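# Descriptive structure summary
Each chain, letter by letter, is given below.
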Amino acid sequence: MKIINVPIKNNEYQINIGKGLIKGVSKYLDTKRNYIIITDSNIPKEYIADISSKINIKGTVVFPPGESTKSFENAEKGVNELHKLQANKDIVLIALGGGVIGDLTGFIASIYLRGVDFVQIPTSLLAQVDSSIGGKVAINTQYMKNGVGNFKQPLCVLIDPNTLETLPKRHYNNGMGEVIKHALIDGKELYKGLIGNEYYPIEEIIYQSILIKREIVLKDVFDNNIRNILNFGHTIGHAIEQQSNYEILHGEAISIGMYLMSKNTSYRDTLELLLNKFSLPKSYDYSVDSLMKFIVLDKKIVNNQINKITIKEPGNPLIERVKIGSIKEYL
Ligand code: GLY
């Protein structure tokens, strides 16, 4: 069992990582409170049963799996389901699922009755190493991934690596895309561990990955400056994801973005080996213009300038303000 403290001012919480943790949630959650589980139809029913046998569950709201679930329509549907369940201000929402469910549930928690508590129980590798950490919650708009969102820190994050046993290989590799990103940003233990040949247990990969993200989030909780380095590979990645109508998964799309943004660097061959190791892609099949139509909507654009995030060498990320069009040089 590993515990990571996240000392955000007025929102301090813990991330607990441990195999079998879903069967013992009452150890981490207040058993006097009422909870509503928000999940998707792919999540094994036994997780819901395990949680329901330990704490007071007022109801379960089930959404379809997939990125299109992160919509205004489903945020409204979720809110209406909470009203039907007579959820009051003291309710706690449980996000049980991957990144889509975590983002949608957190978003609903941030707006329902002007804000209620929520807990993250991420079940995909991508959600365990990245999206459940740091308090970013969002839904997609017609024109933009995560186009509407909020910062909403959970009461706690409960990570049970046993949930990865039933995760399809493609989705496991998808999470490794974000792990590789954290490893490159940090350039230390995780990076060395991934490129070494020795066995590196998944709990350790999750733990190291979260420690790296936590350090950055704590320096810039509201993503005004340094936190943006976590978006390495994301400007191009988000465009690819959207242009593919989300058929290319997030971790796959940012893998392509990282590879393209690492041109002319000394570590590119190592990155290629890592991406190949996890069957992650390095190229795309779309026109430059089709990607630029998404890039011009980037959330960080001010005065026609965008953040260009590169990694000079592992452990040495860089944010530069550049003209939007100069991203084309990497496409
Ligand atoms: N996934 C980027 C961030 O949390 O800032």
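These figures come from a predicted structure and were not determined experimentally. Just so you know, the residues in each chain are numbered from 1, in the order the chain's sequence is written. This being a predicted model, a pLDDT of at least 70 is required before a residue's local features are given, and a value of 80 or more before pairs of side-chain atoms are given or counted; all residues contribute to the totals for chains, interfaces and linings. As a rule here, side-chain values cover all heavy atoms of the structure and leave hydrogens and water aside.

Whether a residue is near a molecule or strand depends on its heavy atoms: if one lies within 4 Å, it is near. Residues in contact with the ligand, as listed here, are Asp 130, Lys 136, Lys 213, Arg 227, Leu 230 and Asn 231. In the analysis that follows, any N or O atom pair within 3.5 Å is treated as a polar contact, provided that within protein one partner can donate a hydrogen and the other can accept it, and provided that, for residues neighboring in sequence, both atoms belong to side chains. Contacts to the ligand include Lys 136, whose side-chain N or O atom sits 3.0 Å from an oxygen atom. Taking Arg 227, its side chain carries an N or O atom lying 2.7 Å from an oxygen atom of the ligand. When the ligand is considered free in solution it has 200 Å² of accessible area, and contact with the protein chains removes 89% of it. All accessible-area figures derive from a Shrake-Rupley calculation using a 1.4 Å probe, and residue coverage is judged against the displayed protein chains alone.

Next up on the list: the pairing of strand E1 (residues 2-6). Relative to strand E2 (residues 13-17), E1 runs antiparallel, the two sharing five bridges. Along E2, the bridge assignment pairs Val 6 with Tyr 13. At least two DSSP bridges between two strands are required for those strands to pair. Every helix listed is a DSSP run of H or I at least four residues long, and every strand listed is a run of E at least two residues long, numbered separately from the N terminus. Between E1 and E2, which pair antiparallel and follow one another directly, the connecting turn spans six residues, one of which, Asn 10, has a positive phi of 65°.

Attention now goes to the packing of helix H8 (residues 234-243) against helix H9 (residues 250-261). Closest axis-to-axis distance for the H8/H9 pair is 7 Å, and the angle between their directions is 135°. In terms of orientation, H8 and H9 fall into the oblique class. As for how H8 packs across H9, the hand of that crossing is right-handed. Note on element contacts: H9 touches H8 through His 250, Ala 253, Ile 254, Ile 256, Gly 257, Leu 260 and Met 261, opposite His 234, Ile 236, Gly 237, His 238, Ile 240 and Glu 241. Split by residue class, the contact of H8 with H9 holds seven nonpolar, five polar and one charged. Angles run from 0 to 180 degrees between N-to-C directions of axes, and those axes are lines fitted to C-alpha atoms, restricted for helices to the stretch in contact. When an angle is under 35 degrees it counts as roughly parallel; over 145 it counts as roughly antiparallel; between 65 and 115 it counts as roughly perpendicular; any other value is oblique. Less than a right angle of anticlockwise turn of the near helix away from the far helix marks a crossing as left-handed, whereas a clockwise turn marks it as right-handed. Note on definitions: a residue-residue contact is assigned when non-hydrogen atoms from the two residues lie within 4.5 Å. Only Asp, Glu, Lys and Arg are considered charged, only Ala, Val, Leu, Ile, Met, Phe, Trp, Tyr, Cys and Pro nonpolar, and every remaining residue, Gly among them, polar.

A few words on unusual backbone geometry. Of note, the phi angle at Arg 114 is positive, near 65°, even though the residue is not glycine. Among the secondary structure elements, Arg 114 is positioned in the loop between helix H3 (99-111) and strand E6 (117-122). Overall, the relative accessible area of 81% leaves Arg 114 in the exposed class. Even without being glycine, Asn 304 reaches a positive phi, approximately 60°. Within the element layout of this structure, Asn 304 appears in the loop between helix H11 (288-295) and strand E10 (305-313). In this scheme, a residue with accessible area under 20% of its type's maximum is buried, one over 50% is exposed, and one in between is partly exposed, where area comes from a 1.4 Å probe on protein chains only.

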